[in-house]
Amino acid sequence: MNQSFFIKTYGCQMNEYDSEKLNELLKFNGYKASKNFEESDIAILNTCHIREKASEKLYSDLGRLSKFKENKAKVGKKMHIIVTGCVAQAEGDEILKRNKSVDYIFGPQNFHKLPKVLNDSKSEKVFNDFLCEDKFSSLLPSTGKEVSKLVTIQEGCDKFCSFCVVPYTRGAEFSRPLEDIYAEVSSLVKKGAREITLLGQNVSAYKSEILKDGKKVKVKLSYLCEVLSKIIGLERIRYLTSHPIDIDELLIDQHKINSKLMPFLHLPIQSGSDRVLKKMNRKHDKKFYLDLIKKIRRKNNSMAFSSDFIVGYPGETDHDFEETLDVIERVKFASSYSFKYSSRPGTPASIDNNYVNEKKADVRLKKIQEVLNNQQKEFNKSFLGKSSNVLFTGKGKKINQFVGRTPHLQPVHVFSNDDLTGQLLKVELSQLTSFSFHGKLSN
Ligand code: SAH
Ligand code: SF4
Ligand code: F3S
């Protein structure tokens, strides 16, 4: 009988993409996807190392899984426990020491080796090389028919923000060749995708080479967006996540001229204080960020923004925090993520002992989340009673209900007797419930 597997995914969309690819690879090699760990012969944890809480989840899940494994062994059944992703990269050997039931460890650029390793009983246990090219060339086309798909176009990061583990867990910046991405997106569109989100830890640093009049020419994210927008059937393009210093004029222009590029940009600033930004090694100050937002809005006044914020970075004073609130007040974000600083082993910030008192950081987090939530509500309110183009991605929880997203990623629920999945339709946004809309199809 075919062996079954289950993958649990933590962390960012890049991990989601990797899990989908691992899923395809295992199925191609004769393994069967199961619905949960209990029913699976191979348990895979695709992990995230970004904050302490995220990585500690791995160890609590491993505790549970080792019990399953023991119980299965009692009835003569074998179970493999496999850890992939960013904790695997950062703490490979330590995981094996902390939990003896783990069989294999694969860093984010090694999971493509899994099917081969499962057939080789003499194999080593830890795979943690940086192998972007090898990985992407081993992955298989997706068989899924989802309307909105993620496509990793760039992996790794060379920015080395002082708090962040990503440059160590995902390695140096690597961009996939433009033609490979084009082929993947075209094939997804043929299967039913209407929206593509181009992914990278630092997607605005994307670069590739093309042949133009027999000569090699360097191209960036703006060119990729332009080329992809010519694919018939593809309605929407998004990209995530950008670093402010890599947003260039050509990309800003795309937001004006490319109607398939959505007017919504996730552009993390992390802090509004120049002093903290400098300590974070973010390579830009508050003014640069605010000017960039202004410049983008001047080109396209429907642009909306989201950001990530860290509160309680070592040495952050009340004044620094006020500066962050000031940025929020000036920009007016459509939505955002905010986190309490988490010290990560091996990062430059982790040796800064100027810790912000835990309670103070909690108060700041609560405050910033309150302000950001209010801004999100205000942003949503401004759409109430108006009509918007909604791309329907699938069924809602209720009978005959369908769910879609506006260009600004706001969720919309609509009732219809016809299946709306995959359609881009005008909807009257008639009701707003906390963070999503209910609407009616426009005539
Ligand atoms: N590449 C993206 C983000 C990667 S991680 C960028 O440059 O913005 C996603 C978010 O996690 C970051 O934007 C940051 O806000 C948060 N983050 C990263 N490291 C963190 C840490 N040590 N403590 C708290 N939040 C962190
Ligand atoms: Fe981390 Fe900074 Fe790179 Fe983003 S840009 S992944 S925050 S190092
Ligand atoms: Fe987490 Fe790795 Fe993504 S640390 S946020 S899964 S790049």
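This structure is a prediction, so every number in the text was calculated from the model and none was measured.

The rules we used
Residues numbered from 1 in each chain as written. Chains lettered and ligands numbered in written order. Predicted model: local features only at pLDDT ≥ 70, side-chain atom pairs only at ≥ 80, totals over all residues. Heavy atoms only, no water. Helix = DSSP H or I, 4+ residues; strand = E, 2+ residues; numbered from the N terminus. Buried < 20%, exposed > 50% of the residue type's maximum accessible area, 1.4 Å probe, protein only. Contact = heavy atoms within 4.5 Å. Near = heavy atom within 4 Å. Nonpolar A, V, L, I, M, F, W, Y, C, P; charged D, E, K, R; others polar. Pairing = 2+ DSSP bridges. Domains from an automatic or database assignment. Polar contact = N/O pair within 3.5 Å; in protein donor to acceptor, adjacent residues only side chain to side chain. Areas by Shrake-Rupley, 256 points an atom, 1.4 Å probe, with all protein chains shown as cover. Axes fitted to C-alpha atoms, helices over the stretch in contact; angles between N-to-C directions. Parallel < 35°, antiparallel > 145°, perpendicular 65-115°, else oblique.

### Regarding the environment of Ile7
Next, step 1: As for its position among the elements, Ile7 is in strand S1 (residues 4-9).
Next, step 2: A relative accessible area of 15% places Ile7 in the buried class.
Next, step 3: For Ile7, the contacting residues outside a window of four places in its chain are Ser19, Leu22, Asn23, Ile44 and Asn46.

### Structural notes on the site of ligand 3
Next, step 1: Cys12, Asn15, Thr47, Cys48, His49, Ile50, Cys86, Arg170 and Gln201 make up every residue found near ligand 3.
Next, step 2: Considering only residue class, the shell around ligand 3 consists of four nonpolar, four polar and one charged.

### So, the pairing of strand S20 (residues 424-433)
The side chains of a regular strand alternate between both faces of the sheet.
Next, step 1: As judged from the five bridges shared by strand S17 (residues 387-395) and S20, these two strands associate in the antiparallel manner. The partner of Val390 across the bridge, within S20, is Leu425.
Next, step 2: Pairing of S20 with strand S21 (residues 436-441) involves six bridges; the strand directions are antiparallel. Bridge pairing links Leu432 to Phe437 in S21.
Next, step 3: Between S20 and S21, which follow one another and run antiparallel, lie two residues, and Ser434 among them has a positive phi close to 35 degrees.

### Concerning the domain arrangement of the chain
Next, step 1: According to the domain assignment, the chain consists of domain 1 (4-130), domain 2 (134-309) and domain 3 (387-441).
Next, step 2: For domain 1 versus domain 3, the separation of C-alpha centres amounts to 36 Å.

### Looking at the site of ligand 1
Next, step 1: Around ligand 1, 15 residues are found, and the nearest of them are Phe163, Gln201, Gln270, Asp308 and Ser342.
Next, step 2: In this structure, an oxygen atom belonging to ligand 1 sits 2.6 Å away from a side-chain N or O atom of Gln270.
Next, step 3: Within the backbone of Ser342, a nitrogen or oxygen atom sits 2.8 Å from a nitrogen atom of ligand 1.
Next, step 4: For ligand 1, whose accessible area on its own is 540 Å², the fraction buried by protein is 89%.
Next, step 5: Contributing elements (two or more residues each) for the shell around ligand 1: strand S15 (304-311) and strand S16 (335-340).

### Topic: the sheet that holds strand S7 (residues 148-152)
Next, step 1: With parallel pairing, the three strands of this open sheet are ordered in space as S7-S10-S13. In this open sheet, the two strands that pair with only one neighbour each are S7 and strand S13 (236-240). On average, each strand axis in the sheet is inclined to that of its neighbour by 25 degrees, with strand direction left out of account.
Next, step 2: Across five bridges, S7 lies against strand S10 (residues 195-199) in parallel orientation. Within S10, the residue paired with Leu150 across the bridge is Thr197.
Next, step 3: Contacting S7, S10 and S13, helix H1 (residues 13-28) runs over the sheet at an angle of about 95 degrees to S7.

### With respect to the packing of helix H8 (residues 221-228) against helix H9 (residues 249-257)
Next, step 1: Running from N to C, H8 and H9 cross one another at 30 degrees; their axes reach a closest spacing of 8 Å. In terms of orientation, H8 and H9 fall into the roughly parallel class. Taken together, the residues of H9 that come into contact with H8 (itself represented by Leu221, Ser222, Cys225 and Glu226) are Leu250, Leu251 and Gln254.
Next, step 2: Grouping the amino acids of the contact of H8 with H9 by side-chain chemistry returns four nonpolar, two polar and one charged.

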